[in-house]
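Residues per chain, in single letters:
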Amino acid sequence: MKDTIKLETVDPVEIYGPANRILEEFCKYFPTLKVIARGDEIILEGKENTIQEFRQKFSELIARRHRKLSLTVYDVEDIFDGENSAEMFKLSGDAIIVHSTDGKPIRARNARQQEMVRAYFDNDLVFALGPAGTGKTYIAIALAVRALKNREVRRIILTRPAVEAGERLGFLPGDLKDKLDPYLQPLYDALGDMIPSKKLQELMADGTIQIAPLAYMRGRTLDRAVVILDEAQNTNAGQLKMFLTRMGSDSKFIVTGDATQVDLPRREDSGLLGGVNILKGIKGIATISFANEDIVRHPLVSKIVKAYDKACEQVQIPK
């Protein structure tokens, strides 16, 4: 049987890859099929069921190109092993997100984290709210690293309000990175779990991974990036609005925070919960609420959080 696939919505070069490397990798999964690429046409010759399977998988490759800046041979592997496909995440939320530097698979560890993973693929803005230890920031970093490795975005941008410095970082010693390091260390720790140290330094040096203090975000438009605002409970309403309106084309924004851990001089100045309520119901925005039972750190952490919550209720001490 013979059949022809006509490429009408994409540039053939973007699908075939440099020197046809992507197409050749794709064809390795169909050793009994004769495949000839001529311009925007792919001629197939073989058994009918094999041709149908080729067509189905090839349509997935084209759909992936529409979601990404460019394709690699790793996209072909993902399509056939299913491990990292967006469809798998949407269905289950428990597929492997990325591997750690020691080869350990990183995936959602409970139902709430799975919900967050699914929300990421279905929305461009995700709020992840809840107590410390629920893994919301770690999952956000894993999703960002995955997107960068798959070339779905060009940059990862991390920001965290430096409340202790009042967002006035000029008096602190060192360059910008030195000033921010104490406040961003948890994000560095997560990145270090997923990207080898030397590679991480290279990515930060060339701006692929950026450390952007919230005070310095004003006026920027963040395109083709995964942008994470951590500790968002320490932003006021104006700061949160400023951050959210930095969103550019082909970007994903993730906002994490714990409304019980506000470090601002006045707790009521936090703009996080107010912002979530204002944006409720807007298509493309999701809110995932973690609870004490979702804590994935040491078992004592959950008990500590519960004990403090109980004490707050009894004596009305600040959380």
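Just above, that's the structure.
In short, a report on the structure. (Residues numbered from 1 in each chain as written. Predicted model: local features only at pLDDT ≥ 70, side-chain atom pairs only at ≥ 80, totals over all residues. Heavy atoms only, no water.)

**Quick word on the side chain of R65**
Along the polypeptide, R65 turns up in helix α3 (residues 48-67). Given the relative accessible area of 16%, R65 is considered buried. In terms of polar contacts, R65 uses its side chain to reach the side chain of E14, at 3.1 Å. Look past the residues within four positions of R65 in its chain and what remains in contact with it is V10, E14, I15, S70 and L71. (Helix = DSSP H or I, 4+ residues; strand = E, 2+ residues; numbered from the N terminus. Buried < 20%, exposed > 50% of the residue type's maximum accessible area, 1.4 Å probe, protein only. Polar contact = N/O pair within 3.5 Å; in protein donor to acceptor, adjacent residues only side chain to side chain. Contact = heavy atoms within 4.5 Å.)

**Quick notes on the pairing of strand β10 (residues 252-257)**
For β10, a buried count of 6 out of 6 residues is recorded, marking the element as mostly surrounded by other parts of the structure. Here β10 shows two buried faces, one formed by K252, I254 and T256 and the other by F253, V255 and G257. One ladder, built from 5 bridges, connects strand β6 (residues 125-129) with β10; its direction is parallel. Considered in β10, the bridge of A128 is made with T256. (Pairing = 2+ DSSP bridges.)

**Some details on the environment of Y138**
With respect to the helices and strands, Y138 occurs in helix α7 (residues 136-149). Distance in space between the C-alpha atoms of Y138 and A190 is 6.1 Å, their sequence separation being 52 residues. Setting aside residues no more than four positions away along its own chain, Y138 makes contact with I106, A190, D193 and M194. One polar contact links Y138 to D193, side chain to side chain, over a distance of 3.1 Å.

**Structural notes on the sheet that holds strand β3 (residues 41-45)**
If you walk across this open sheet you meet the 3 strands as β1-β3-β2, and the pairing is antiparallel. The sheet is open, and its two borders are formed by β1 (2-6) and β2 (34-38), each paired with just one other strand. Strand-to-strand twist in this sheet, taken as the mean axis angle between neighbours without regard to direction, amounts to 20 degrees. Relative to β3, β2 runs antiparallel, the two being bridged by 5 bridges. Directly across from V35, in β3, lies its bridge partner L44. (Axes fitted to C-alpha atoms, helices over the stretch in contact; angles between N-to-C directions.)

**Thoughts on the packing of helix α6 (residues 111-122) against α7**
Interaxial distance between α6 and α7 falls to 10 Å at its minimum, and their mutual angle equals 40 degrees. Here α7 runs oblique to α6, going by the angle between their axes. Judged by the sense of rotation from one axis to the other, the crossing of α6 with α7 is right-handed. Contacts between α6 and α7 involve Q113, M116, V117, Y120 and F121 on the former and, on the latter, K136, I139, A140, L143, R146 and A147. (Parallel < 35°, antiparallel > 145°, perpendicular 65-115°, else oblique. Left-handed = near helix turned anticlockwise from the far one by under 90°.)

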